Amino acid sequence: MLLLDRANLPSDTLSTHYIHSSGLALLARWGLLDGLMATGCPRIEQISHQVGDVGLAARVPAADGVDFACAPRRQVLDALLADAAISAGAHLRDACEVVGVPFERGRPAGVTYRTRAGGRDTVSARLIVGADGMMSTISDLVGSPIEIEDQRLTCIYYTYWTGIKGGFELYEQPGRLVGALPTHNNQTLVFAYFPSAEFPKVRTHALGSYLDNVRATAPGLFDRVAASARTERLRGTNQQRNFFRQAWGPGWVLVGDAGHHKDSITARGITDAFEQAAILADCVGDGLHDETRLSEGLQRFAERRIARFKPLYRMALLAATLDVSPYRLATLRFLNTRRDLVERYFAVSAGIIEARQLYNRQLFAQMSAHRTAATQ
Ligand SMILES: Cc1cc2nc3c(=O)[nH]c(=O)nc-3n(C[C@H](O)[C@H](O)[C@H](O)COP(=O)(O)OP(=O)(O)OC[C@H]3O[C@@H](n4cnc5c(N)ncnc54)[C@H](O)[C@@H]3O)c2cc1C
């Protein structure tokens, strides 16, 4: 197996980096979680979400025995993953950019890439796995069409502050969401979401807009930010695209953001990329060298991808409307009357249980009974 990456690894990327407990459970299955935690990445055991005047808080929901989350810097995480791939027998060539896909008898036969030294090389491949991000070159070169697409909803700015204590904190007001995540080296990532339509205005005074958002949406967090020091430049993007591309074709398959991207507001991209990789490996199994079995495996991957990620995609779109309606607040207020419902709320947010396992007829009947009892 050959891995090509155009970046000089390990490198940072434009992304915050919360990993849900279900993503960490996959790292544990691959034997990588202990190594990650040994890098000094803080365990995140508590999560809180303040929506308007309703404050929900719980322990991070457990997935497959892992009862914490974390937010490792990408230089650390990506280096760990690259080393693991090499240990498993893969050859890694970084600073090598894929620029072409030669076809033989209508089927992609490999990739052409620019080498670290500036030359060009072509390698043949039985299966090209396009794991090259939202702007995927591979998807363009193999001609994978977009099958589902929705408009962009949010833009985000974030940076790092030193000495802020706390777990994973989220604060939401109409049209605004702010959060804090502890990461390596006593740093806290503080991010601020705005509606995408505001991007032209926000970017004109990005740092001021970011601080205004934190101050207005999360005043308590703002006080802690104001008392600490910023350690990195502010970064932001309006490229929060929402889509599914065709998952596979003869000789190619797309994994991670390349095949499916959604607003980062539910912080699921990394966890989902891990899940997709696990599903792909499971579906292809040892069928790589048998054309029929390979096609069947890739088709199974496509079906499982849409079944697993379409509900999470819909949830991200909903969250990205940054809507704090009276109805939503009333629902959250009711959830807040019972610990088990709050725990389920965070389990839905983490993708550990499906939304319909919480937001169902039974819940709405209980809410209605609660309202009736309160008015008597
Ligand atoms: C602002 C922001 C905040 C986010 N916050 C979170 C969060 O908190 N938690 C979370 O889980 N997700 C988050 N995400 C999403 C997350 O970053 C992505 O979903 C995740 O990185 C997807 O991984 P990937 O491997 O598919 O793509 P990427 O991480 O984009 O990796 C693609 C790789 O392909 C390489 N590449 C690209 N083109 C070529 C080429 N032509 N040739 C060779 N190599 C190439 C790149 O160098 C890169 O290494 C956020 C995203 C953004 C933008």
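All values reported here derive from a predicted model rather than from experimental measurement. (Residues numbered from 1 in each chain as written. Predicted model: local features only at pLDDT ≥ 70, side-chain atom pairs only at ≥ 80, totals over all residues. Heavy atoms only, no water.)

S.K.: What should I look at first to understand the UniProt feature "domain: FAD-binding" (unreviewed entry) in the chain in this one?
M.R.: As annotated by UniProt and renumbered to match this structure, "domain: FAD-binding" (unreviewed entry) occupies residues 2–282. Secondary structure content for residues 2–282 is 26% helix and 33% strand, while the C-alpha to C-alpha distance between its ends is 19 Å. (UniProt positions renumbered as here; feature names shortened; annotations may be inferred. Helix = DSSP H or I, 4+ residues; strand = E, 2+ residues; numbered from the N terminus.)

S.K.: Explain empty space enclosed by the protein here, please?
M.R.: Left-over empty space is what a probe sized like a water molecule reveals as it rolls over the atoms. This model, assessed by the stated rule, comprises 1 cavity of 30 Å³ or more. If you add up the space inside the largest cavity, you get close to 30 Å³. Every residue along the wall of the largest cavity is listed here: I164, K165, G166, G167, E169, A180, L181, P182, T188 and R224. Of all the elements, strand β14 (residues 176–183) adds the most residues to the lining of the largest cavity, at 3 residues. (1 Å grid on protein atoms, 1.4 Å probe; cavity = no way out; pocket = protein on both sides within 12 Å on 5 of 7 lines; lining within 4 Å. Points joined across faces, edges and corners; volume = space filled by probe spheres on them.)

S.K.: Sorry, what's going on with the layout of surface pockets here?
M.R.: Each pocket or cavity is described by its volume, and for the second largest pocket that value is around 850 Å³. If you trace the second largest pocket, you find 38 residues lining it, with M315, A319, R328, Y345 and S349 closest to the centre. Listing elements by their share of the lining of the second largest pocket, those giving two or more residues are β2 (46–51), β13 (168–173), β14, β15 (187–195), α9 (291–319), α10 (326–335) and α11 (339–349). A class-by-class count of the residues in the lining of the second largest pocket yields 25 nonpolar, 10 polar and 3 charged. (Nonpolar A, V, L, I, M, F, W, Y, C, P; charged D, E, K, R; others polar.)

S.K.: Mind showing me how you'd approach the packing of aromatic side chains here?
M.R.: Any pair of aromatic rings gets described here by the distance separating the centres and the angle formed by the planes. Tallied over the full model, the rule gives 7 aromatic pairs. Judged by centre distance (6.3 Å) and plane angle (20°), the rings of Y157 and F199 are stacked. Within this pair, whereas Y157 is found in strand β12 (residues 154–162), its partner F199 is found in helix α5 (residues 199–204), the two being separated by 42 residues in sequence. We note that Y157, like F199, is buried. Ring geometry for Y158 and Y160: centres 6.3 Å apart, planes at 85°, overall edge-to-face. The exposure class assigned to Y158 is buried, which follows from its relative accessible area of 3%. The ring of F68 has R43 lying over it, and the distance from NZ or CZ to the ring centre is 4.0 Å. Lying across the ring of Y160, R73 places its NZ or CZ 3.9 Å from the centre. (Phe/Tyr/Trp six-rings, centres within 6.5 Å; stacked < 30°, edge-to-face > 60°. Buried < 20%, exposed > 50% of the residue type's maximum accessible area, 1.4 Å probe, protein only. Lys NZ or Arg CZ within 6 Å of the ring centre and 35° of its normal.)

S.K.: Would you mind showing me how to read the site of the ligand here?
M.R.: For the ligand, the set of nearby residues contains 27 residues, the closest of which are D5, S15, T16, D257 and I270. Measuring from an oxygen atom of the ligand, one finds a backbone N or O atom of H17 at 3.2 Å. One of the backbone nitrogen or oxygen atoms of V98 is found 2.9 Å away from a nitrogen atom of the ligand. Surface burial for the ligand is 86%, taken as the share of its 1,000 Å² of free accessible area covered by protein chains. At the level of elements, β1 (2–5), β5 (97–100) and α8 (269–284) are the ones that each hand at least two residues to the shell around the ligand. Counted by class, the shell around the ligand contains 10 nonpolar, 10 polar and 7 charged residues. (Near = heavy atom within 4 Å. Polar contact = N/O pair within 3.5 Å; in protein donor to acceptor, adjacent residues only side chain to side chain. Areas by Shrake-Rupley, 256 points an atom, 1.4 Å probe, with all protein chains shown as cover.)

S.K.: How should I be thinking about the domain arrangement of the chain in this particular structure?
M.R.: Interfaces are often described in size by the accessible area the parts lose on coming together. For the chain, the assigned domains read domain 1 (2–42 + 68–150 + 240–319), domain 2 (154–237) and domain 3 (326–375). With 19 residues of domain 1 at the interface, the matching set in domain 2 holds 17 residues. Between domain 1 and domain 2, a total of about 1,600 Å² is buried, with carbon and sulfur atoms accounting for 58% of that surface. Between domain 1 and domain 2 we count 2 salt bridges in total. The shortest N-O distance in the salt bridge between R73 and E232 comes to 2.8 Å. Here domain 1 and domain 2 share 11 residue pairs in polar contact (both at pLDDT 80 or more) between them. (Domains from an automatic or database assignment. Contact = heavy atoms within 4.5 Å. Buried area = accessible area lost by both parts, 1.4 Å probe. Salt bridge = Lys/Arg side-chain N within 4 Å of Asp/Glu carboxyl O.)

S.K.: Is there a simple way to think about the pairing of β12 in this case?
M.R.: A regular strand carries its side chains on alternate faces of the sheet. Counted residue by residue, β12 has 8 buried out of 9 residues, so it is predominantly covered. In this sheet, β15 lies alongside β12 in antiparallel orientation, the contact comprising 9 bridges. The partner of Y157 across the bridge, within β15, is A192. Of the strand pairs in this sheet, β12 and strand β17 (residues 235–237) are connected by 3 bridges, and their pairing is antiparallel. (Pairing = 2+ DSSP bridges.)

S.K.: Help me out: how do you make sense of the state of the cysteines in this one?
M.R.: Defined simply, a disulfide is a covalent bond joining two cysteines at their sulfur atoms. With the rule as written, the count across this model stands at 0 disulfides. Its sulfur unpaired, C41 is 4.0 Å from the next cysteine sulfur, which belongs to C70. Given a relative accessible area of 6%, C41 falls into the buried group. (Disulfide = S-S within 2.5 Å.)

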